[in-house]
Amino acid sequence: MYSIPLPPWVLEEISKNPDLVYTDKSGRRNPEYISLGCDTIPLLRGRTPIQVYSDYMRSFRDRFRDYLGDVVQEIQVGLGPCGELRYPAYPESNGTWKFPGIGEFQCYDKYMRASLKASAEASSNEDWGRSGPHDSGQYNQFPEDTGFFRRDGTWNSEYGRFFMEWYSGKLIQHGDRILAAAKEIFQGTGSKLSGKVAGIHWHYRSRSHAAELTAGYYNTRYCDGYIPIARMLAKHGAILNFTCMEMRDREQPGNANCSPEGLVQQVKMATRTAGVELAGENALERYDADAYAQVLATSNLDAGNGLGAFTYLRMHKKLFESDNWRNLVEFVQRMSSEGRRPRLPEWDSTGSDLYVGFVKGKNGKKTKEAAVV
C-alpha cells in the first residue's frame with residue numbers, strides 16, 4: 001500500500017494543535033487528512049485549509065499548463081482520506097479497524113464539536129450538541145451490537161436524523177467548497193474534474209447501513225445518501241468516480257451483510273437522477289474472467305447510468321502472466337465493442353478512455369500506440 005503523508009510543515013502545525021485532524025470519541029487522532037471542521041479557519045500559518053488546497057491546485061495548473069486538456073484529460077480532485085469524499089471512519093493501516101467493522105464517527109476534534117453545538121442550538125435542542133451518539137459502538141462491532149445502529153436503533157429517531165443530517169451535510173459542504181475552488185482554477189484548461197466516492201458495501205443489507213453512516217454517507221433503508229452527493233458533483237460539472245465495480249454479492253462473507261451489486265446499482269441510479277457522469281474502477285486486484293465480466297455487466301445502461309470511463313487496477317507483473325494478459329486483452333476489446341460507446345477509430349483525437357492512436361516522436365514520425373488507463 002502506497003502512502004503519501006501530509007507535508008512536513010502541516011504535520012508541524014498539527015503537533016502544535018492536534019485538533020487540526022479528525023478525532024474519534026476515544027480521542028484517537030488521525031493524521032491522514034485535515035479535519036473538515038476547520039475548512040474556513042486560518043489555522044495553517046494564516047491560511048485556511050481551503051486556501052492551501054487552492055494554492056496547491058493553482059501550482060499544479062501552472063506547472064502542467066501545457067499538458068492540461070491534452071495529455072491530462074481528467075483531474076481527480078482529492079476530497080478526503082485516500083482522495084475520497086468521506087470521513088476516515090475505518091482506519092485499517094494501523095490495525096484500529098478490521099473488515100467488516102462498522103467504524104466510528106469522526107467528529108470529536110474541537111472544531112467539529114463547535115459546529116455540532118451550533119447546529120444543535122439552531123435547532124433548539126442544545127443537549128444534542130454536547131457530543132456525538134453515545135451508543136454507536138466501536139470500530140469492529142456489528143450494527144446489532146450497538147444501540148444506535150441496531151435494526152430499530154436511534155439512527156432512525158429524531159436525534160439520529162438530526163445528527164446524520166449535520167454529519168453528512170458537513171461532508172458534502174466540504175466537497176462543495178473544494179470543487180468550487182477547483183472549477184474556478186481549472187476553468188478553460190480543457191481538463192475534466194472528478195471526485196471519488198468510497199464503495200462501502202459491508203452492512204449494506206442492514207437497515208441502518210452502519211458503515212456508510214460512520215463514513216459520512218447518510219444512506220439508510222429510508223434515506224438515499226448518494227443523490228445529494230451526485231447533485232453536489234453535478235453542480236460543478238464533475239464526474240462521480242466509484243469503486244467495487246468488479247465485486248459480486250455471492251463472493252462476500254455472509255456475516256458482513258454485503259451487497260456491492262446493490263450499492264453500485266444505487267449509485268448508478270443516483271448519477272442518472274442528478275445528471276452527472278459516472279466513472280468506475282475495481283476495488284481489488286483482479287485478473288480473472290469473472291471480475292471482468294462483472295465490470296462489463298455494471299458498465300451498461302440497462303438501469304441507471306452506464307460508465308463513461310473505467311480505471312483498471314493495477315499494472316503488476318501478475319498482469320503479464322499468459323492467462324491474465326489474455327483476460328485483459330479480451331476485456332478491453334469487449335469494453336470497446338460491447339460498451340455503450342462506439343468502437344474507437346484508429347485515429348482517436350478526442351482522448352477516449354481506451355486510446356488507440358498515433359503519437360508523434362521528436363523526429364516527427366508517427367508511432368502507433370495503445371494505452372489502457
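- The name given to the chain in an unreviewed UniProt entry is Beta-amylase, and the organism recorded there is Citrus sinensis.
- Taken directly from UniProt, the Sequence similarities (unreviewed entry) text for the chain runs: "Belongs to the glycosyl hydrolase 14 family."

Considering the overall build of the chain
Now for step 1: Helices and strands together make up the secondary structure of the chain, namely nine helices and nine strands.
Now for step 2: A burial count over the chain gives 51% of its 373 residues as buried.
Now for step 3: The long-range share in the chain, meaning contacts at least 24 apart out of those at least 6 apart in sequence, stands at 70%.

Remarks on the sheet that holds strand S3 (residues 74-76)
Now for step 1: Sheet architecture is open: five strands sit in the order S3-S4-S5-S6-S7, paired in parallel fashion. A strand with exactly one partner marks an edge of an open sheet, and here the two such strands are S3 and strand S7 (309-311). Between one strand and the next, the sheet's axes are offset by a mean angle of 30°, whatever the strand orientation.
Now for step 2: Sheet topology places S3 next to strand S4 (residues 192-197); three bridges connect them, and they run parallel. Following the sheet pairing, Ile75 is matched in S4 by Leu193.
Now for step 3: Relative to the sheet, helix H7 (residues 260-274) contacts strand S5 (239-242) and strand S6 (278-281), its axis offset from that of S5 by approximately 180°.

Some details on the nonpolar core
Now for step 1: Val77, Phe163 and Phe242 are the most contacted members of the largest nonpolar core, which has 94 residues in total.
Now for step 2: When residues in this core are grouped by element, the largest group, 13 residues, is from helix H4 (residues 158-186).
Now for step 3: In contact with Phe242, other than residues within four places in its own chain, are Val197, Ala198, Gly199, Leu263, Val264, Val267, Leu278, Ala279, Gly280 and Glu281.

Description of the UniProt feature "active site" (unreviewed entry) in the chain
Now for step 1: Under the present numbering, the feature "active site" (unreviewed entry) in UniProt falls on Glu84 and Glu281. The largest pairwise C-alpha distance within this set of annotated residues, which runs over 198 residues, is 13.1 Å, so the set is compact in three dimensions.
Now for step 2: Inspection of the secondary structure assignment puts Glu84 in the loop between S3 and helix H3 (110-122).
Now for step 3: Relative accessible area serves as the criterion here: at 9%, Glu84 is assigned to the buried category.
Now for step 4: Sequence-distant contacts of Glu84, defined by excluding residues within four places in its chain, comprise Leu79, Tyr90, Lys196 and Ala198.
Now for step 5: Here Glu281 lies in strand S6.

Comments concerning the environment of Gly225
Now for step 1: On the secondary structure map, Gly225 appears in the loop between helix H5 (210-215) and helix H6 (226-235).
Now for step 2: Since its relative accessible area comes to 6%, Gly225 is described here as buried.
Now for step 3: Residues Gly225 and Gln266 lie 41 residues apart in sequence; the distance between their C-alpha atoms is 9.6 Å.
Now for step 4: When near neighbours in sequence (up to four residues on either side) are disregarded, Gly225 contacts Tyr218, Asn219 and Gln266.

Notes on the confidence of the model for the chain
Close inspection of predicted coordinates is inappropriate in any region flagged by low pLDDT.
Now for step 1: Per-residue pLDDT for the chain averages 90, and the proportion of residues at 70 or more is 89%.
Now for step 2: For residues 340-373, every residue scores under 50 in pLDDT, and the model assigns this stretch 56 contacts once sequence neighbours within four places are set aside.

A closer look at the pattern of salt bridges
Now for step 1: Under the defined criterion, the tally for this structure stands at 24 salt bridges.
Now for step 2: With its nearest N and O atoms 3.1 Å apart, the salt bridge here joins Asp55 to Arg58. Within this pair, Asp55 and its partner Arg58 are both found in helix H2 (residues 49-63), separated by three residues, close to a single helical turn.
Now for step 3: Classification of Asp55 by relative accessible area gives partly exposed; the value is 31%.
Now for step 4: The class of Arg58 is partly exposed, set by a relative accessible area of 35%.
Now for step 5: A salt bridge links Asp323 to Arg326; the shortest N-O distance between them is 2.3 Å. Taken together, the residues Asp323 and Arg326, both in helix H9 (residues 322-338) and three residues apart, mark about one turn of the helix.
Now for step 6: Here the salt bridges do not stand alone but share partners, grouping Glu12, Glu13, Lys16 and Arg45 into one network.

Comments concerning the packing of aromatic side chains
Now for step 1: Counted according to the given criterion, the structure contains 29 aromatic pairs.
Now for step 2: When the centroid spacing of 5.3 Å and the interplanar angle of 40° are considered together, the rings of Trp128 and Phe162 count as tilted. Remark: Phe162 occurs in helix H4 and Trp128 occurs in the loop between H3 and H4; sequence separation between them is 34 residues.
Now for step 3: The exposure class of Phe162 is buried, given its relative accessible area of 11%.
Now for step 4: Residue placement shows Arg63 over the ring face of Phe64; its charged tip is 5.4 Å from the ring centre.

Quick word on the pairing of S6
Now for step 1: The two faces of S6 match: Leu278 and Gly280 on one face and Ala279 and Glu281 on the other face are all buried.
Now for step 2: Where S5 and S6 come together, three bridges link them in parallel fashion. Bridging across to S6, Phe242 finds its partner in Gly280.
Now for step 3: Each parallel crossover has a hand, and for S5 linked through H7 to S6 it is right-handed.
Now for step 4: Pairing geometry for S6 and S7, over three bridges, is parallel. Each residue of the ladder has a partner; that of Ala279, found in S7, is Ala309.

The rules we used
Residues numbered from 1 in each chain as written. Predicted model: local features only at pLDDT ≥ 70, side-chain atom pairs only at ≥ 80, totals over all residues. Heavy atoms only, no water. UniProt positions renumbered as here; feature names shortened; annotations may be inferred. Helix = DSSP H or I, 4+ residues; strand = E, 2+ residues; numbered from the N terminus. Buried < 20%, exposed > 50% of the residue type's maximum accessible area, 1.4 Å probe, protein only. Contact = heavy atoms within 4.5 Å. Pairing = 2+ DSSP bridges. Axes fitted to C-alpha atoms, helices over the stretch in contact; angles between N-to-C directions. Core = buried A, V, L, I, M, F, W, Y, C linked by side-chain atoms within 4.5 Å. pLDDT = per-residue confidence, 0-100. Salt bridge = Lys/Arg side-chain N within 4 Å of Asp/Glu carboxyl O. Phe/Tyr/Trp six-rings, centres within 6.5 Å; stacked < 30°, edge-to-face > 60°. Lys NZ or Arg CZ within 6 Å of the ring centre and 35° of its normal. Right-handed = clockwise from strand over helix to strand, strands pointing away.

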